[in-house]
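# Working through the structure, step by step
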Amino acid sequence: MGTAENDEEGGILKFSVNGKLQKVSPDISSQTLIQYLRDSGLTGTKLSCGEGNCGACTVLITSKKGGEFERYTVNACTTLVCTLHGSEVTTVEGLGSTQTTLHPVQERLYSCHGSQCGFCSPGMVMSMAGVLCKNSTPDIEDIVTGLQGNLCRCTGYRPILEAFSTFSSKPLAKSDQKFDSAEEEVETYDVSKFKDLKPEDLQISENTKQVLENIEQVKCVRFKSDGSKWFYPSTVAEALCLSKQFPEAVYRQGGTGGYKKFSSTEMKTVISLSSVLKMKEIVIQEEGILIGGGVTYSELVEGLKNLDIVKHRSAEVLKDTAAKIASTQLRNVATLVGGILWDHSASDMLPILTVAKAVLLVESEEGQRKIPVRPHVTKELSQGDIVGAVFIPNNSINDIIVYKKQAKRKTVELGVVNMALLANFENAVPHVSIVIGGVDLAVKQSTEGELIIASNVEKHLISIKDFPKSSTSALLKAIQLDFGKDQNQYKIQIISEMLTNIFKSEKKWNLKSHQLFEKTSATQSMIDPITRPVPHISAAEQCTGEAEYTGDVPKLANEVFLFPVHSTQSHAKIKSINTENALRVPGVVSWVSAQDVPGANIFAGAGPPDEHIFPEQDVHFSGQIIGVIAAVTPDAGKQAVSLVEVSYETKEALLSITDAVAKNSSFEISKLERIQDAELLKSTNKSFNGQIKLGGQLHIYMETHGAVAIPGKEKSEMIIYSSNQSISGVQKAVASALKVPQHKIVVKAKRIGGGFGGKEGPLITLITAVAANKLGRPCRLALDRTSDVLSMGHRHETHADYEIGFDETGKITKAKFECNFNAGCSRDLSVPWGATLLNRLDGGYSLKNFEGKAYPRKTNLTSNTAFRGFGGPEGTAIIEECIERIAQITGKDPAEVRKINLTRENDLLHYGDTKVYDDNLMRCWEDCIKKSDYFEKRKEIEAFNANPGNKNVRRGISIVPIKFAPFMPLKFLNQASAYVRIYTDGSILLSHGGIEMGQGLHTKMLQVASRVLKVPMEKFHLIETSTEININTTSTGGSTGTDLNGHAVVLACEDLAAKLAPLRDANPDMPWEQVIFQAYLQRIPLTAYGFYNRSQVEVDPKTNTGLAFNYLTTGVACTVVEVDCASGNHQVLSTNIVMDVGQSLNPAIDIGQVEGAFVQGYGYMTMEEVVHGLNGEIATNNK
Ligand SMILES: Cc1cc2nc3c(=O)[nH]c(=O)nc-3n(C[C@H](O)[C@H](O)[C@H](O)COP(=O)(O)OP(=O)(O)OC[C@H]3O[C@@H](n4cnc5c(N)ncnc54)[C@H](O)[C@@H]3O)c2cc1C
Ligand code: FES
Ligand code: FES
């Protein structure tokens, strides 16, 4: 970072992006870097969470530190442009492109199938580039550390780690998987074809260095727009002087401590301390270590390597903890002192520094003073004080210092509870110091607590002169006394566990994997791509940032952005909405709400319309979008949103399933009954009943909901880009809202950044279209993550009551269920979801005598919606609890109970009249038992659990079958169309009605077309899905995308193949291009339309008859886990999944879907519960 030029009028900020010098007027430099990049057309950098939690926006910064250029990663969403003067920003576009050459990182991620929807891929690429800048042959720990801050919701991470581990001298190990001759032991990629990583792939060019060297330093940047100013002093004295001159000024370093306020407009005068070199020093002194007030976490970890760990035990613990804080991107900019002054109850640093008796060296006009670090130390600082350094005293010889943290995730997660302890029992006067912190994210009953100085526990430990070997009542009492009014039993138990296992260290994990799939027949034509692990057709573009998503549609002339105003009430009458002040904000164009909908302000999911675009009188959930502000800039829009005043008259709100049951509030109930085996029923030996409660889950698709609507100049036409799984559904809803025929509305989607069922509802596109219609100008709405979570539907929270009978063998003789689930405030898809849940309550089993009812409980929460599996994961979880209970009662191995109940060939399920065609589930079962070594592992686990040394740790194994009927519940939905067009040069354009959302649908469609036309895949192209081409499309979901659209593609290609057959047969050696040109000359039509409507799947719910499915996909997974029973920590030790997907069109894609689904399911079952606050607000929303 350069600094100097004293430009009172505010000069020009200079930095470079991908080697190009940028001269930026300070007026826009208070923007975040991501906004700047995306506005400049560099849309490869993706915005997902907007607050440093997901890594989608990762870029590389090159700046001078101590005379040398240094490269490190940062999150562009938390970086302000005005901090970049003199730096180079490298984005994913700057690394490589499909137009020139791919960077080795991009090439490997793409080739190893590490990119599905691709929305996380640019961030993954940049984080890995950051790892390689530090170490060109990193080991797997370096890679995992470098990617800690990057989320992927699609892949399950394995292919990403595998791709990047190819840079390591020890690539990801293969497990010792047994396989049989029908399976192929081949790689899904060819390492020998990868480009080597060269030094120049990681360095910035000499040219760019020159550009940076020539950038003069600045001392001050003034923003003409709002009069704010940023100062860059180079000494503490200068900073103090500025602070005296501008008493309203705030100090700033990494700027991450504001957390949710990265682009805060409140900061009018800022004194950036990042150029004060003296504050960057780490000095080892006689009495301790002095860490400069400007030292970042990354610099601290580097600077405290190789310490004398007897003398510097506290600093060592600080270093180890700092290495795990948040993400690499955050650690590269955030400072230790910023972390102390962040003064958060869950800070990792404050407890350690407090027990270590660290001291802040505070500089002021009056000179230096020392303040011991302790909770709320900020209160002891006066305006203008600068923390110049932190001093950590040396430890005594027998000091024990420990820091422990319990969080839901290992990284990028604040502790639910944490504890630092420094003890010395060897001193003449024994000493114990304990500080406890943490937040209440995971635990409903807790209130956010302050840091606790645990004096009662300290006294207890001193009295016993040691650490307790087990939890005693005296220890628990001491902890309870220290916790005061926050008697959260979970936290108390964790602290007790931490103290009784004080020296227990974290286990190292060992990543290994193996993927096997069926061999492609040796006789299959080499150009036929079916069954081959072809990479996703857009993966290269996804890894270079060229792939376009809805939010990347280039900005249009006259375009406005839309910003939602959300209801703060769960159920209330809107008394008034005052937008006067909001509309006065410069740049604000309009307020758009219910009055602006010319047609129907109500739309439907499945069933009668019951969801309003904008509320007319009442709001029905906290987070409901009341209206949107239209503005020409995001800053204006956000400011205006905060000025909209809504007054409410509160009404009674039903929030929980229990509330709704009590008030008998429900949408249409589904019932399903089939008693098909009276003999079995008679053999009932035992029965039990019970209840299982399953939480909701957020989709967290990496791309949030968004739309761009462009009103036409003529005849009410409108073109819409929408991140939706159902473009025809959107088209229909928009036409109805705008009161125009559907043919005026064109809806397009090139790809979407993950859907998982959460992007079926049209609301966001409807709002955008209504605004565009009102304003007559293009409108763009991209929900930020918080708004997305607030206003979009989630997985249904479900309570299931069950009554199960079984015979002596453990076979289920009868099964009765009553499922209540939280549908939220409108139907959306909840009624068919309930009916499908009833179908899927049998998991991988056949329930011969079944009774079920499903109640979609109407409440005042957001309207819950489809989520991967559509009742399948819930149904499986419910029946598996029953199976486990049978095993417990009978004392049998649960695997035995499962096997005896497994769905077999010729079984009639409890819905429809389709008999199961094959015995594939049993084949999967036997294969999985064999591959996982189930019985051997079980013995090992029993031995492990019997070992007294593993008292609190338990291992468990479970082997679970599933079956899944891919279908659309209504017959008319089982239709699809495809167009194939061949141009005179032989190139082929394919269009079908399915949406690409990472599941590889477009890739598979091209594979299918290639097989049928017998033309290499490279000849084909697919541009987008559009209602202009494929009409009346069925929403892409229910695992039907490939089946429906694939059949349509086959029909279209067969039609063309037949038309070309005479020419091709007569000229077997004629190149394809010539065949096509000849066909053109002979006036053979070179376009074909395929329409598929042959599926007869439809069950009449009244009679429970009809074809229930065309086929079942089946699978079995065996998982070994370790659970720490005291803390709740859990770890998957191994998983074997055997999945029968028929003849896989593309094993790499199918394996990717299976692994990704497994990890999403793991999150659902263990750590992703959606927690609502007392007023219906989502407590787990990005806190
Ligand atoms: C995504 C994310 C995840 C995080 N995860 C964790 C975590 O797991 N554990 C954890 O402990 N923390 C976590 N944090 C908090 C993080 O530790 C702090 O944000 C960071 O340390 C603040 O440092 P900074 O340099 O960015 O401070 P800034 O934001 O620049 O400053 C913070 C405050 O300190 C003042 N200040 C800064 N330096 C000085 C100085 N030298 N003298 C006087 N005043 C000063 C500023 O005026 C401001 O009020 C997380 C933050 C984010 C954004
Ligand atoms: S970290 Fe920047 S968008 Fe998520
Ligand atoms: S590929 Fe990672 S989020 Fe979709």
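The structure contained in this document is the topic of the report that follows. (Residues numbered from 1 in each chain as written. Chains lettered and ligands numbered in written order. Predicted model: local features only at pLDDT ≥ 70, side-chain atom pairs only at ≥ 80, totals over all residues. Heavy atoms only, no water.)

### Concerning the overall build of the chain
The number of helices and strands found in the chain is 33 helices and 49 strands. In terms of overall dimensions, the chain is globule-like: its C-alpha atoms have a radius of gyration of 31 Å, near the 32 Å expected for 1183 residues. In terms of overall dimensions, the chain has C-alpha extents of about 90 × 75 × 70 Å along its principal axes. Burial analysis of the chain (1183 residues in total) assigns 58% to the buried set. Look at the contacts in the chain between residues 6 or more apart in sequence, and 75% of them connect residues 24 or more apart. For the chain, the computed accessible surface area is about 48,000 Å², with 52% contributed by carbon and sulfur atoms. A gap of 2 Å separates the mean positions of the 123 positive and 135 negative side-chain charges of the chain. (Helix = DSSP H or I, 4+ residues; strand = E, 2+ residues; numbered from the N terminus. Rg over C-alpha atoms; globule rule 2.2 N^0.38 Å. Buried < 20%, exposed > 50% of the residue type's maximum accessible area, 1.4 Å probe, protein only. Contact = heavy atoms within 4.5 Å. Areas by Shrake-Rupley, 256 points an atom, 1.4 Å probe, with all protein chains shown as cover. Lys, Arg positive; Asp, Glu negative; His and termini not counted. Charge placed at Lys NZ, Arg CZ, Asp CG, Glu CD.)

### Thoughts on unusual backbone geometry
Positioned with a positive phi, Asn18 is a non-glycine residue whose angle comes to about 50 degrees. Tracing the backbone through its elements, the reader meets Asn18 in the loop between strand S1 (13-17) and strand S2 (20-24). You can call Asn18 partly exposed: its relative accessible area is 24%. At Tyr157, a residue that is not glycine, the phi angle is positive and equals roughly 75 degrees. In this structure, Tyr157 sits in the loop between helix H5 (140-146) and helix H6 (158-165). Assessed through its relative accessible area of 27%, Tyr157 is described here as partly exposed.

### Some words on the sheet that holds strand S43 (residues 1020-1021)
Strand order in the open sheet formed by four strands is S43-S42-S41-S45, and the pairing between neighbours is mixed. Across the chains shown, the open sheet's two edge strands, defined by having one partner strand only, are S43 and strand S45 (1087-1092). Here two bridges tie strand S42 (residues 988-992) to S43, and the two strands are oriented parallel to one another. Counterpart to Ile988 in the pairing with S43 is Phe1020. Together, strand S41 (976-982), S42 and S43 form the strand contacts of helix H30 (residues 1001-1013), whose direction differs from that of S42 by roughly 125 degrees. (Pairing = 2+ DSSP bridges. Axes fitted to C-alpha atoms, helices over the stretch in contact; angles between N-to-C directions.)

### Considerations on the site of ligand 1
Tyr251, Gln253, Gly257, Thr335 and Asp348 are the nearest of the 33 residues found near ligand 1. Here Val387 contributes a backbone N or O atom positioned 2.9 Å from a nitrogen atom of ligand 1. The protein chains hide 91% of the 970 Å² of surface that ligand 1 would expose on its own. Looking at the shell around ligand 1, the elements that each hand over two or more residues are strand S10 (250-252), helix H12 (336-342) and strand S16 (386-393). The element contributing the most residues to the shell around ligand 1 is H12, with five residues. Each residue belonging to the shell around ligand 1 can be placed in one class, and the counts come to 15 nonpolar, twelve polar and six charged. (Near = heavy atom within 4 Å. Polar contact = N/O pair within 3.5 Å; in protein donor to acceptor, adjacent residues only side chain to side chain. Nonpolar A, V, L, I, M, F, W, Y, C, P; charged D, E, K, R; others polar.)

### Digging into the sheet that holds strand S17 (residues 400-406)
Strand order in the open sheet formed by four strands is S17-S18-S19-S20, with antiparallel pairing between adjacent strands. Looking at the sheet topology across the chains shown, the edges are occupied by S17 and strand S20 (452-453). The pairing of S17 with strand S18 (residues 417-424) spans seven bridges and is classified as antiparallel. Looking across to S18, one finds that Gln406 is bridged to Val417. Sitting on the sheet, helix H14 (residues 455-464) touches S18, strand S19 (431-437) and S20, and the angle it makes with S19 is about 145 degrees.

### A word on the packing of helix H15 (residues 473-483) against helix H16 (residues 489-500)
Taken N-terminus to C-terminus, the directions of H15 and H16 make an angle of 130 degrees; their axes are 10 Å apart at the nearest point. Our classification of the angle between H15 and H16 gives oblique. For the pair H15 and H16, the sense of crossing is right-handed. Contact residues: H15 offers Leu475, Leu476, Ile479, Gln480 and Phe483, while H16 offers Gln489, Lys491, Ile492, Ile495, Ser496, Leu499 and Thr500. (Parallel < 35°, antiparallel > 145°, perpendicular 65-115°, else oblique. Left-handed = near helix turned anticlockwise from the far one by under 90°.)

### With respect to the pattern of salt bridges
Enumeration over the complete set of coordinates arrives at 49 salt bridges. For Arg369, the salt bridge goes to Asp385, with nearest N and O atoms at 2.7 Å. Note that Arg369 is positioned in strand S15 (residues 367-372) and Asp385 in the loop between S15 and S16, a separation of 16 residues in sequence. Through salt bridges with shared partners, a single ionic network connects Arg38, Lys46 and Asp552. (Salt bridge = Lys/Arg side-chain N within 4 Å of Asp/Glu carboxyl O.)

### Re the packing of aromatic side chains
All told, the structure shown has 16 aromatic pairs when counted by the stated rule. Considering the side-chain rings of Tyr189 and Phe194, the 6.1 Å spacing of their centres and the 15 degrees angle between planes classify their relative orientation as stacked. For the pair Tyr189 and Phe194, a shared accessibility class is recorded, and that class is buried. The rings of Phe425, Phe467 and Phe503 are connected pair by pair, giving a single aromatic cluster. Directly above the ring of Tyr701 sits Lys759, whose terminal nitrogen or CZ lies 4.6 Å from the centroid. For Arg795, the ring lying beneath its charged end belongs to Tyr1164, and the centroid distance is 4.4 Å. (Phe/Tyr/Trp six-rings, centres within 6.5 Å; stacked < 30°, edge-to-face > 60°. Lys NZ or Arg CZ within 6 Å of the ring centre and 35° of its normal.)

### Section: the side chain of Asn822
Among the secondary structure elements, Asn822 is positioned in strand S38 (residues 812-824). Polar contacts involving the side chain of Asn822 include one to the main-chain carbonyl oxygen of Leu655, which spans 3.1 Å. Apart from the residues lying within four places of it in its own chain, the contact partners of Asn822 are Leu655, Ser656, Ile657, His796, Glu797, Arg857, Thr859, Leu861 and Asn864.

### A word on the nonpolar core
Phe164, Ile613, Phe614 and Ile745 are the most contacted members of the largest nonpolar core, which has 78 residues in total. For this core, the element with the highest residue contribution is helix H23 (residues 763-775), accounting for eight residues. Apart from the residues within four sequence positions on either side, Phe614 is in contact with Val592, Ser593, Ala594, Val597, Asn601, Ile625, Ile626, Gly627, Val628, Ile767 and Val770. With 58 residues, the next largest nonpolar core counts Cys819, Tyr845, Cys928 and Val1097 among its residues. (Core = buried A, V, L, I, M, F, W, Y, C linked by side-chain atoms within 4.5 Å.)

### Re the environment of Ile1149
One can find Ile1149 in helix H33 (residues 1147-1166). With near-sequence residues (within four places) excluded, Ile1149 lies in contact with Val534, Gln999, Gly1000, Thr1003 and Lys1004.

### What about the pairing of strand S13 (residues 288-292)?
Counting buried residues in S13 gives five out of five residues, a clear majority hidden from the surface. Between the antiparallel neighbours strand S12 (residues 282-284) and S13 lie three residues. Bridge count between S13 and S16: five bridges; the pairing is antiparallel. Within the sheet, the bridge partner assigned to Leu290 lies in S16 and is Phe391.

### Description of the packing of H14 against H15
Between H14 and H15, whose axes approach to 7 Å, the crossing angle comes to 155 degrees. With respect to each other, H14 and H15 are oriented roughly antiparallel. Contacts between H14 and H15 involve Ser455, Asn456, Val457 and His460 from the first element and Ala474, Leu475, Ala478, Ile479, Leu481 and Asp482 from the second. Here the residues of the contact of H14 with H15 sort into six nonpolar, three polar and one charged.

### Observations concerning a nonpolar patch on the surface
Taken together, the side chains of Ile962, Ile1137, Met1139 and Val1141 make up a nonpolar region of the molecular surface, amounting to roughly 260 Å² of accessible area. Tracing the sequence through the fold places Met1139 in strand S49 (residues 1130-1140). (Patch = residues over 30% accessible without salt bridge, like charges linked within 9 Å, V, L, I, M, F, W, Y side chains within 5 Å.)

### A look at the pairing of strand S35 (residues 745-749)
In terms of burial, S35 is a largely internal element, five of the five residues being buried. Across the two faces of S35 the burial is the same, with Ile745, Val747 and Ala749 and Val746 and Lys748 all buried. As a crossover connection, the stretch from strand S34 (residues 718-722) through helix H22 (residues 727-738) into S35 is right-handed. Summarising the sheet, S35 and strand S44 (residues 1025-1026) pair through two bridges and their orientation is antiparallel. Bridge pairing links Lys748 to Ser1026 in S44. (Right-handed = clockwise from strand over helix to strand, strands pointing away.)

### What about the side chain of Arg840?
Within the element layout of this structure, Arg840 appears in the loop between helix H25 (830-839) and strand S39 (849-858). Here Arg840 occupies a buried position and makes no salt bridge, while the nearest side chain of opposite charge, Asp842, is found at 7.5 Å. In contact with Arg840, other than residues within four places in its own chain, are Gly869, Phe870, Gly871, Gly872, Gly875, Thr876, Phe964, Ala965 and Phe967.

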